[in-house]
Structure formats: structure tokens, C-alpha cells
Amino acid sequence: MAAEQSAEQFRGQARLPGFAAPRRYDLRLAPDLAACAFAGSVAVDLHVAAPTRFLVLNAAELDVAPGGVGFAPAGSGQVLQPVEVTNVPEDEILIICFNEVLPLGEGTLTIEFQGTLNDKMHGFYRSVYELNGEKKNMAVTQFEPADARRCFPCWDEPAFKAVFKITLEVPSETVALSNMPVTEEKVNGPTKTVYFQESPIMSTYLVAVIVGIFDYVEDFTTDGTRVRVYTQVGKSAQGKFALEVALKTLVLFKEYFAVPYPLPKMDMIAIPDFASGAMENYGLVTYRETALLFDEKHSAAANKQRVAVVVAHELAHQWFGNLVTMEWWTHLWLNEGFATWVSYLAADQFFPEWNVWTQFLEESTTGFKLDALAGSHPIEVDINHVDEIDEIFDAISYRKGASVIRMLQSYLGAEVFQKSLAAYIKRFAYSNAKTEDLWAALEEGSGEPVRTLMHSWTKQQGYPVVSVKLKDGKLQLEQTQFLSSGSTGVGQWVVPITLCCCSYSHQEKFLFHGKQEDFDLSGLMECQNKENFWIKLNVNQTSFYRVSYDEELASRLRYAIETNKLSAADRYGVLDDTYALCMAGKQKLVSLLHLIAAYKDETEYTVLAQVITISLNIAEMMAVAAPEELGNLKKFLIDFLEPFAQKLGWDAKSGEGHLNALLRGTLLTALAELGHEATINEAVRRFNVFLEDRETPLLPPDVRKAAYVALMQTVNKSNKTGYESLLKIYRETDLSQEKVRVLGSLASCPDPVVVREALDFILSPEVRNQDAIFLLRGVCSGAHEVAWQWLKENWDYILGAYSGTLLTYFVNITVSPVSSITHLHPTSLVIPHSL
Ligand code: BES
Ligand code: ZN
């Protein structure tokens with residue numbers, strides 16, 4: 001019985017007790033930007049559903065004076081004072097104990113508190129910007145997954161949805177933003193009070209508050225929703241591209257989900273210090289500068305695409321996530337996987353010439369990579385402590401999640417999928433849902449066994465490799481769990497198989513439940529005896545499994561690639577599967593190199609980019625595992641890539657497309673990394689002109705990164721001019737994307753002494769903590785030992801200064817290349833000279 005509760009029982013629990021639930025928060029915050037502190041008060045209207053002497057809610061790193069806490073049962077005219085207020089830091093909860101059992105029904109809990117504007121990019125934090133040459137602080141919130149409790153005491157779980165009425169007390173000259181529009185501003189000398197409209201019911205992790213000095217651009221959607229993009233003062237023109245994308249996206253999603261955008265306005269803002277890429281706060285989406293701003297002269301095509309995809313992703317959450325919210329973090333993947341998938345759908349509508357669905361395969365590849373480890377996890381995971389939530393914002397939730405949604409959508413068909421989805425959104429609007437609820441809606445809408453199919457993908461980790469053999473006109477399929485270690489897991493899936501033979505006009509489609517099965521496909525395989533016979537499973541790579549063909553089928557596919565019979569997605573798939581099988585020791589490196597040679601006339605950006613990624617990975621492993629073969633391999637790769645580079649050149653042809661711009665950068669960067677002399681010399685020549693004149697047409701943004709990387713190949717400890725020049729560019733630009741390009745190239749140097757110096761630069765005040773990852777990512781092959789050594793020496797400092805994903809990156813980057821070579825097929829490391 002609740003009256004016999006003791007405070008002890010609330011400790012160490014995964015979730016808050018449900019006997020009291022918030023209905024409405026009246027929240028006031030008064031940040032002191034100069035002192036990096038804030039004061040606040042909150043009045044929470046509650047519903048008490050079971051007798052209790054306790055109220056238990058979340059709070060962390062806040063000063064709550066027991067005297068500032070009271071509970072007023074509705075209509076009682078009384079305020080009950082607690083006998084004890086206990087803060088339990090390890091559980092991030094506040095246990096408020098009263099002398100008497102609280103009356104059932106409504107009541108208002110008031111709490112006064114104080115906190116610090118931290119510099120960790122979560123909770124209520126400060127970000128630093130420059131205004132007229134002067135450094136200033138802005139106050140920003142980042143609450144997902146569980147940091148609203150660092151700003152105000154609250155029921156900080158996604159299922160405790162409530163209404164928010166927010167009021168801010170801020171310096172008069174600042175702009176104060178929150179989820180809802182301002183209803184009133186009262187200026188009182190140096191400070192002003194800003195009142196915001198009450199929100200619809202929403203989860204705490206989506207609440208947002210921002211205070212600083214900004215400019216904005218503004219427009220209205222065709223339905224009249226006001227959209228603004230806020231930037232630093234003087235940079236609002238860089239917000240125009242994102243604004244255009246947002247206007248179109250809001251209209252598209254309104255139609256796709258068949259529900260209007262639920263709020264009266266949408267603000268999007270670039271924050272100079274930001275932990276992730278962007279955050280979908282309801283009506284006030286926050287972004288890293290690189291994910292929102294686009295500069296016509298100095299941003300690259302890749303930057304443009306990033307902005308479009310990130311905006312679409314965050315706006316998708318306004319419905320999928322914000323209007324319909326996951327019931328618990330176990331279903332985070334539903335938010336993230338879905339938003340990732342649907343952002344491609346939007347980008348494809350607006351920019352069909354970008355072929356984003358082919359580019360999407362890079363998402364699947366990243367998901368495949370992580371999910372091939374024995375230490376992976378299912379898409380749906382139990383979450384028993386807040387600390388565990390951060391870990392699941394990973395490639396499994398995002399990329400495998402998006403890939404299995406794509407698999408389901410292509411299995412069910414676009415129309416049925418969309419209709420069922422709209423029904424799901426309508427059913428769970430202003431409420432919470434679980435993975436099961438989505439499957440139920442899709443099962444209802446399609447009549448297909450969606451639950452059975454999808455459980456095998458979301459409740460167990462890993463994925464299958466389907467081995468294909470052709471025997472007596474029958475197709476023999478066998479599924480086994482794919483692991484990059486080369487061992488075989490025990491998983492089994494319901495695999496949506498699609499296949500086509502000799503052409504795309506006849507396709508076969510069925511579910512493969514068993515471990516091993518023969519399929520009689522005589523109808524489909526009329527062309528079996530033809531010379532150019534081929535068979536391809538997982539047509540257009542819409543499903544999340546790998547395929548291993550027997551030798552005969554593999555060589556026929558290679559021929560189909562050489563003779564340009566396969567779609568770009570299928571060319572990608574054959575290559576990527578072969579590569580993965582080779583790295584797991586299931587096939588020989590030689591057969592992979594043979595296959596790569598079949599791509600000599602490749603025309604599609606994503607496919608060629610994958611050839612390049614794979615080639616560079618092989619070179620990186622070779623450098624460690626068989627350095628004596630590295631020269632031969634590099635020559636092979638350079639010979640392969642050079643003709644593409646010659647065709648493309650350094651200068652954009654007039655009117656050429658987006659994908660050529662992407663390809664040029666990728667190709668030249670790869671050649672520079674491989675030490676290709678002609679590329680390096682040309683890069684240096686162009687760079688020197690650029691150094692004198694940043695507006696020169698000789699070094700457009702799409703090839704700048706390539707030039708920087710090339711330049712770094714010429715740097716060594718006794719001649720650091722190139723490195724110094726790059727630092728000069730870094731210091732003189734005020735565009736984040738340019739800074740990131742420089743950071744990404746600094747550690748790409750053959751001399752370990754210079755790599756070390758670059759790594760030390762990360763820790764200088766000149767590099768924002770959010771940007772360390774870019775330099776780390778650029779650590780060149782061969783320098784990982786140096787990086788590992790450096791990490792160990794600086795670990796104490798790093799551990800203190802970085803947290804969350806920003807911290808894990810340090811370990812990932814420095815450790816993974818060294819640890820991944822151990823399973824290479826030992827006999828496969830010799831590069832035959834005949835290639
Ligand atoms: N909800 C996330 C932001 C987030 C990430 C919050 C990690 C807390 C922890 C947001 O919707 C998101 O997914 N952002 C991505 C960008 C997106 C385009 C994939 C990101 O930050 O990388
Ligand atoms: Zn997201």
C-alpha cells in the first residue's frame with residue numbers, strides 16, 4: 001500500500017513510479033549569461049492516481065532548497081510542505097516526502113531551483129559566439145535523451161507528456177526563443193520578461209529554450225505556417241537554402257502523414273557549440289552550423305546535401321517522434337530509423353537528380369558493419385538506466401533501423417505503407433506508441449504478416465547472409481548469420497527475397513523462413529543456358545541481408561557488371577557483399593580485386609565512391625598486415641582511379657550535376673591519399689593561388705578538401721609550411737564548413753611528428769569540443785599507433801572535457817583500424833602482379 005512506502009524503494013529503478021503524473025508545467029527560467037547560471041521555478045499541475053506520501057520526479061545538478069517546495073491539492077486552499085526532500089544523484093531523482101497521504105486527484109507542485117549554464121552541450125548550457133569582435137554567451141537547451149532534468153525538475157520520460165507554459169527573464173537586447181510563439185514581452189530596463197504561448201501536450205525531451213543575439217530569414221509555407229532560420233548576426237543569407245527546404249518539407253510531410261503540422265510556427269537555429277548534428281525540439285529545431293547553413297560561394301555540394309537531409313530528418317520528427325512519441329527508449333529506433341528513412345524520401349522528391357536512394361546504401365553498409373560484430377545489439381533494446389540511452393543513438397537504431405523500414409516498405413508497397421502509416425499517426429497523435437503498434441497498423445493495412453516478419457529483424461541482433469547455388473535448375477538458398485569475425489551465428493530471419501534473372505522485367509518475390517530451401521524457378525530461368533545468364537538477389541538492394549553467390553554465379557554477375565546490365569544499386573550491392581565476405585575471410589582478396597576491375601567504366605557516384613572506400617580500406621589494412629605488398633596495391637588502385645580523374649578534371653564543367661561535384665572531391669581526395677604525384681602537384685599549385693586569393697575559381701569548395709589532403713602529403717617535420725598555411729585558412733574563415741574541411745585534413749600526413757602536432761591542436765582553445773571528431777576522422781592510415789599513444793597520454797584531460805558520443809569517438813577512431821585486421825584471410829594478402 002502506497003502509504004507504507006519508504007523513500008528507499010524509489011532508488012535504483014529504471015523508471016519513475018506512476019502514481020502521480022504531470023499534466024501542465026508552468027516554467028520560469030532566468031538565465032544569467034555572463035555568470036553562466038540560472039534561476040528557475042516550476043509549478044506542475046499533477047494528477048495523483050494512487051494514495052502516496054511521496055512525489056518522485058527527476059532532477060540533476062540543480063540546487064533545490066527544501067523551503068522552496070510545496071504541494072497544493074486542488075481546491076484545498078492549502079499548501080503542504082514536505083518533511084523531507086531527498087536528491088539521489090545516482091538515480092537523478094528528487095524524492096519529496098510529505099507527512100500525510102496526498103489526496104487523490106489534481107494538485108500543484110511548486111519547486112524553486114538554481115543551476116549552472118554548463119559547457120557540456122547538454123541540459124541548459126552555454127555556447128560561445130562572437131558579436132562585433134566580442135565573445136558572448138548564448139543559453140541553449142539540449143534535452144534528449146534525458147537532460148531536461150538538468151534544467152528543471154520534471155517527469156523526464158517520454159511517456160509523461162504534458163502541456164508547457166514557458167516564461168523567460170532575459171537581457172532586453174536578446175532574442176528569446178522557445179517551442180511556441182511569443183505572446184507578450186514586457187521590458188523592464190535591462191531585462192525583459194518573455195511569455196510564450198502554451199504548448200500542446202509533449203514530452204520533456206522536446207522542450208527548448210534559447211537566448212542570444214541572432215538574425216533571421218523568414219517565409220511562410222503554402223498553408224501559412226511561419227518558418228524562420230536564425231543565424232549569427234550578419235549570416236542570415238546562409239539560412240536561405242535550409243528555409244526553402246523546410247517550407248517544402250513541411251508541406252510534403254503534411255501530405256505524407258495526412259496530418260497538418262501541429263504547431264503555429266517552426267524556428268530553426270544554428271548553434272555554434274552542438275553535441276550532435278541537429279535536434280528536433282518541437283517547433284524550435286537546433287542544428288550544428290554545418291548542418292543548417294549554406295554559403296553560395298564557400299559551401300560544397302556535399303554540404304548542401306547534408307543540410308537538405310538533416311532538415312528533412314528533423315522535420316519528419318515533428319510528426320514521427322514529437323506528435324507520436326515512443327513510449328520508452330527501447331523504441332528509440334522507431335524515431336530515428338524512421339526519420340532517417342523518410343528524410344531520403346523527401347530529398348528524393350526535391351532533388352531527384354541526387355539519386356539519394358542509391359546513396360542510402362551507404363547507410364545500410366554502416367549498419368551492416370556494426371551489426372556484424374558479436375557485440376552488436378537488437379534494434380529493440382531493454383533500457384534499465386539513463387546511462388544506457390546514449391549508447392543506442394548508433395548505427396543500429398539509425399541505419400539498420402532505416403534499412404529495415406525500407407525493406408518493409410518495398411515489401412508492402414509504397415501506397416499501402418503510407419496509408420497504414422497515416423492511420424498509425426492519427427491513432428497515436430498526442431500520445432505514445434511502441435514498435436508493436438506500428439506493426440499492428442501496417443498489418444491491418446496490408447494483410448501481410450508484418451509482426452512475424454519484423455520481429456525477426458528488430459528483436460534479434462545481426463542479419464543473414466543468404467548463400468545461393470544453382471543446381472539442376474533449382475535455386476538452393478541457405479541463410480546463416482553473418483559475422484565479420486568469420487564465425488557463424490545462430491540467428492535466423494524471415495527474409496523477403498527478391499530476385500531477377502537476365503533482366504529486370506521479371507522479378508520473383510517470396511519470404512524465406514527456413515534455414516535451407518530449394519526453389520524451383522524454371523519459369524523465371526528461361527535464359528539459363530544463355531551465355532550472358534546472370535541472377536541477382538535482393539533486387540536494388542532494398543533488403544537488409546547479404547548474398548554469397550557460388551563461384552559460377554559470381555563470375556556471371558561480374559560479367560553483367562562489365563557489360564552494364566545491372567542497376568547502380570545492384571552494382572553497389574555485389575561489390576559491398578563481396579568485400580564484406582572477403583574481410584570475413586570467406587573469399588579471397590584476389591577475387592575482390594578482380595571484381596573491382598569490373599567497375600572500370602562505372603558512372604554512378606555512389607558506386608564509385610564505394611569502390612574508393614573499399615580500396616582505401618584494403619590499403620590501410622595492407623599497410624599493417626603486409627607492408628611489402630602496399631606498393632603494388634597502391635599502383636593497382638591508382639591505375640584504376642586515374643582515368644576517372646582525368647575525365648572529370650579539377651574544374652566543374654558548366655551546368656554539370658551535383659553528383660559529379662561529389663565525385664570529383666571524393667576521387668581527388670583518394671588519389672591524394674594514395675600519394676598520386678600528379679594530383680598532389682596540381683593540388684599544391686591551385687592551393688597556393690587560393691592562399692593568396694580566397695575567391696579564386698581555381699579552388700572551388702568541392703575540391704578544397706582534396707587539395708588540403710594533398711598538401712598535407714607534402715608536409716614533414718622539417719617543412720611544415722603547408723600545415724601552417726592550412727591553419728591560416730582555419731583561423732581566417734568564419735564558415736564552419738571550411739573549418740571542418742581543414743580539420744579533416746590536418747592529420748592526413750605521412751610524418752607521425754606532424755600527426756601528433758595536429759592531434760595536440762584538437763586540445764587547444766582554437767578548436768571547439770564539438771569539432772574534435774573531424775580531425776580524428778582524418779588521421780591517416782599508418783598513424784593510428786601514434787593516435788593511440790597520444791590518446792593514452794591525454795586521456796585524463798579528454799575524459800574531463802568530453803562526454804557522450806564526442807568522447808567515444810576518441811576511442812573508436814584510434815583503436816578500430818588496428819583491431820580490425822586480425823581476421824583477414826591469411827593467404828589472401830598477396831597482390832598478384834598480373835592485375
Ligand atoms: N534526435 C536526434 C538528436 C540526438 C542525437 C539527440 C543523439 C540526442 C542524442 C536527431 O533527430 C538526429 O537524429 N540528429 C542526427 C542528424 C540526422 C540527420 C541523422 C545527428 O545529430 O547526427
Ligand atoms: Zn533523429
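Parameters and conventions
Residues numbered from 1 in each chain as written. Chains lettered and ligands numbered in written order. Predicted model: local features only at pLDDT ≥ 70, side-chain atom pairs only at ≥ 80, totals over all residues. Heavy atoms only, no water. UniProt positions renumbered as here; feature names shortened; annotations may be inferred. Helix = DSSP H or I, 4+ residues; strand = E, 2+ residues; numbered from the N terminus. Polar contact = N/O pair within 3.5 Å; in protein donor to acceptor, adjacent residues only side chain to side chain. Donors = N, O, S within 2.8 Å, 3.2 Å for Na, K, Ca; no water. Buried < 20%, exposed > 50% of the residue type's maximum accessible area, 1.4 Å probe, protein only. Contact = heavy atoms within 4.5 Å. Pairing = 2+ DSSP bridges. Axes fitted to C-alpha atoms, helices over the stretch in contact; angles between N-to-C directions. Parallel < 35°, antiparallel > 145°, perpendicular 65-115°, else oblique. Left-handed = near helix turned anticlockwise from the far one by under 90°. Expected span 1.5 Å × (residues − 1). Near = heavy atom within 4 Å. Areas by Shrake-Rupley, 256 points an atom, 1.4 Å probe, with all protein chains shown as cover. Nonpolar A, V, L, I, M, F, W, Y, C, P; charged D, E, K, R; others polar. Salt bridge = Lys/Arg side-chain N within 4 Å of Asp/Glu carboxyl O. Phe/Tyr/Trp six-rings, centres within 6.5 Å; stacked < 30°, edge-to-face > 60°.

Going by an unreviewed UniProt entry, the protein carries the name Aminopeptidase and comes from Panicum virgatum. Of the protein, the UniProt comment under Sequence similarities (unreviewed entry) reads exactly: "Belongs to the peptidase M1 family." Under the UniProt heading Catalytic activity (unreviewed entry), the entry covering the protein gives this text: "Release of an N-terminal amino acid, Xaa-|-Yaa- from a peptide, amide or arylamide. Xaa is preferably Ala, but may be most amino acids including Pro (slow action). When a terminal hydrophobic residue is followed by a prolyl residue, the two may be released as an intact Xaa-Pro dipeptide."

Turning our eyes to something else, we now look at the UniProt feature "site: Transition state stabilizer" (unreviewed entry) in the protein. On the UniProt side, "site: Transition state stabilizer" (unreviewed entry) is annotated at positions that read Tyr-398 here. Assignment of secondary structure puts Tyr-398 in helix 6 (residues 395-412). Side chain to side chain, Tyr-398 and Glu-336 meet in a polar contact 3.4 Å long.

The coordination sphere of the zinc ion (ligand 2), as far as protein atoms go, consists of His-313 (NE2), His-317 (NE2) and Glu-336 (OE), spread over 1.9 to 2.1 Å. Sequence spacing of the donor residues for the zinc ion (ligand 2), all on one chain, is H-x3-H-x18-E. Of the two residues, His-317 sits in helix 2 (residues 301-317) while Glu-336 sits in helix 3 (residues 332-350), which places them 19 residues apart along the sequence. By the burial criterion, His-317 is buried, and Glu-336 matches it.

Looking at the element boundaries, Gln-479 is found in strand 23 (residues 474-481). Reaching out from Gln-479, the side chain makes a polar contact with the backbone oxygen of Trp-493 at a distance of 2.8 Å. Contact partners of Gln-479, with chain neighbours within four places excluded, come to Pro-464, Val-465, Val-466, Gln-492, Trp-493, Val-495, Phe-512, His-513, Gly-514 and Lys-515.

Now for the sheet that holds strand 19 (residues 284-288). Ordered in space as 15-16-17-19-18, the five strands form an open sheet in which the pairing is mixed. Every other strand in the sheet has two partners, leaving strand 15 (215-220) and strand 18 (278-279) as the edge strands with one partner each. As judged from the five bridges shared by strand 16 (residues 226-231) and strand 17 (residues 265-271), these two strands associate in the parallel manner. Counted as the bridge partner of Tyr-230 is Ile-269 from strand 17.

So, on to the packing of helix 16 (residues 677-692) against helix 17 (residues 701-713). Across the interface, helix 16 lies against helix 17 with an axial gap of 8 Å and an inter-helix angle of 110 degrees. It follows that helix 16 is roughly perpendicular to helix 17 by the angle criterion. Relative to helix 17, the crossing made by helix 16 is left-handed. For the pair helix 16 and helix 17, the contacting residues are Ile-680, Ala-683, Val-684, Phe-687 and Phe-690 in the first and Arg-704, Ala-707, Tyr-708, Ala-710, Leu-711 and Gln-713 in the second.

Time to look at helix 11 (residues 568-583). Given a rise of 1.5 Å per residue, 16 residues ought to cover 22 Å, and the 23 Å separating the end C-alpha atoms of helix 11 matches this to within 8%. Among the 16 residues that make up helix 11, 16 are buried, leaving the element largely enclosed by the rest of the structure.

So, about the site of ligand 1. Neighbouring residues of ligand 1: 14 residues in total, closest Glu-144, Gly-277, Glu-280, Glu-314 and Tyr-398. Within the side chain of Glu-314, a nitrogen or oxygen atom sits 2.7 Å from an oxygen atom of ligand 1. In this structure, Glu-336 approaches ligand 1 through a side-chain N or O atom, which is 2.8 Å from a nitrogen atom. Protein coverage of the free-state accessible area of ligand 1, which is 500 Å², stands at 84%. Breaking the shell around ligand 1 down by element, the ones donating at least two residues are strand 18 and helix 2. Broken down by element, the shell around ligand 1 gets its largest block of residues, four residues, from helix 2. Across the shell around ligand 1, the residue classes break down as five nonpolar, five polar and four charged.

Right, let's talk about the pairing of strand 7 (residues 105-116) for a bit. Where strand 2 (residues 37-48) meets strand 7, twelve bridges bridge the pair, whose relative direction is antiparallel. Bridge pairing in strand 7 places Leu-46 opposite Gly-107. Both strand 4 (residues 63-73) and strand 7 contribute to a ladder of seven bridges, which runs antiparallel. Across the sheet, the residue bridging to Phe-71 is Leu-109, located in strand 7.

Spatially, three strands are ordered 3-6-5 in an open sheet, and the strand pairing comes out antiparallel. In this open sheet, the two strands that pair with only one neighbour each are strand 3 (54-58) and strand 5 (84-88). Taking the axes of each pair of neighbouring strands and ignoring which way they run, one obtains an average angle of 15 degrees across the sheet. Of the strand pairs in this sheet, strand 5 and strand 6 (residues 93-97) are connected by five bridges, and their pairing is antiparallel. Among the inter-strand pairings, Glu-84 is bridged to a residue of strand 6, identified as Cys-97.

To continue, consider the pairing of strand 1 (residues 20-32). Across twelve bridges, strand 1 lies against strand 2 in antiparallel orientation. Residue Leu-29 lies in a different strand from strand 2, and its bridge partner there is Gly-40. Adjacent in sequence and paired antiparallel, strand 1 and strand 2 are bridged by four residues, among which Cys-36 carries a positive phi angle near 55 degrees. Where strand 1 meets strand 10 (residues 163-171), six bridges bridge the pair, whose relative direction is parallel. Paired with Arg-28 across the bridge in strand 10 is Thr-167.

Helices that pack against each other are described as a pair by the angle of their axes relative to one another and the distance between those axes. It is at 12 Å that the axes of helix 18 (residues 721-732) and helix 20 (residues 752-762) come closest, and there the two elements cross at 20 degrees. Looking at the two axes, helix 18 sits roughly parallel to helix 20. In this structure, helix 18 meets helix 20 at a crossing whose hand is right-handed. On the side of helix 18, the interface is formed by Tyr-723, Leu-727, Tyr-730 and Arg-731, while helix 20 contributes Val-754, Glu-757, Ala-758 and Phe-761. Residues of the contact of helix 18 with helix 20, tallied by class, amount to six nonpolar, no polar and two charged.

Counted under the stated rule, the structure contains 43 salt bridges. One salt bridge in this structure joins Glu-363 and Arg-399, with 3.3 Å as the shortest N-O distance. Here Arg-399 lies in helix 6 and Glu-363 lies in helix 5 (residues 361-371), a separation of 36 residues in the sequence. Glu-757 is paired through a salt bridge with Lys-720; the nearest N and O atoms lie 2.7 Å apart. Placement of the pair is Glu-757 in helix 20 and Lys-720 in the loop between helix 17 and helix 18, with a sequence separation of 37 residues. Residue classification places Glu-757 among the partly exposed positions, given a relative accessible area of 29%. Look at Lys-720 and you get partly exposed, because its relative accessible area is 25%. Counted as one network, the salt bridges with shared partners bring together Glu-61, Glu-92, Asp-147, Arg-149, Arg-150 and Asp-156.

Turning our eyes to something else, we now look at the environment of Ala-21. Mapping Ala-21 onto the fold places it in strand 1. Overall, the relative accessible area of 16% leaves Ala-21 in the buried class. Residues Ala-21 and Arg-558 lie 537 residues apart in sequence; the distance between their C-alpha atoms is 61 Å. Excluding residues within four positions of it along the chain, Ala-21 makes contact with Asp-45, Leu-46, His-47 and Phe-160.

Moving on to the side chain of Ser-420. Structurally, the position occupied by Ser-420 is in helix 7 (residues 414-428). For Ser-420, the residues in contact, after removing those within four places along its chain, are Ala-441, Leu-442 and Gly-445.

Another aspect to go through is the packing of aromatic side chains. Inspection of every chain in the model, using the stated rule, returns 46 aromatic pairs. Summarising the aromatic geometry, the rings of Phe-640 and Phe-644 are spaced 5.6 Å apart at their centres and angled 55 degrees between planes, so their arrangement reads as tilted. Within this pair, Phe-640 and its partner Phe-644 are both found in helix 14 (residues 630-648), separated by four residues, close to a single helical turn. Residues Phe-640 and Phe-644 agree in their burial class; the two are buried.

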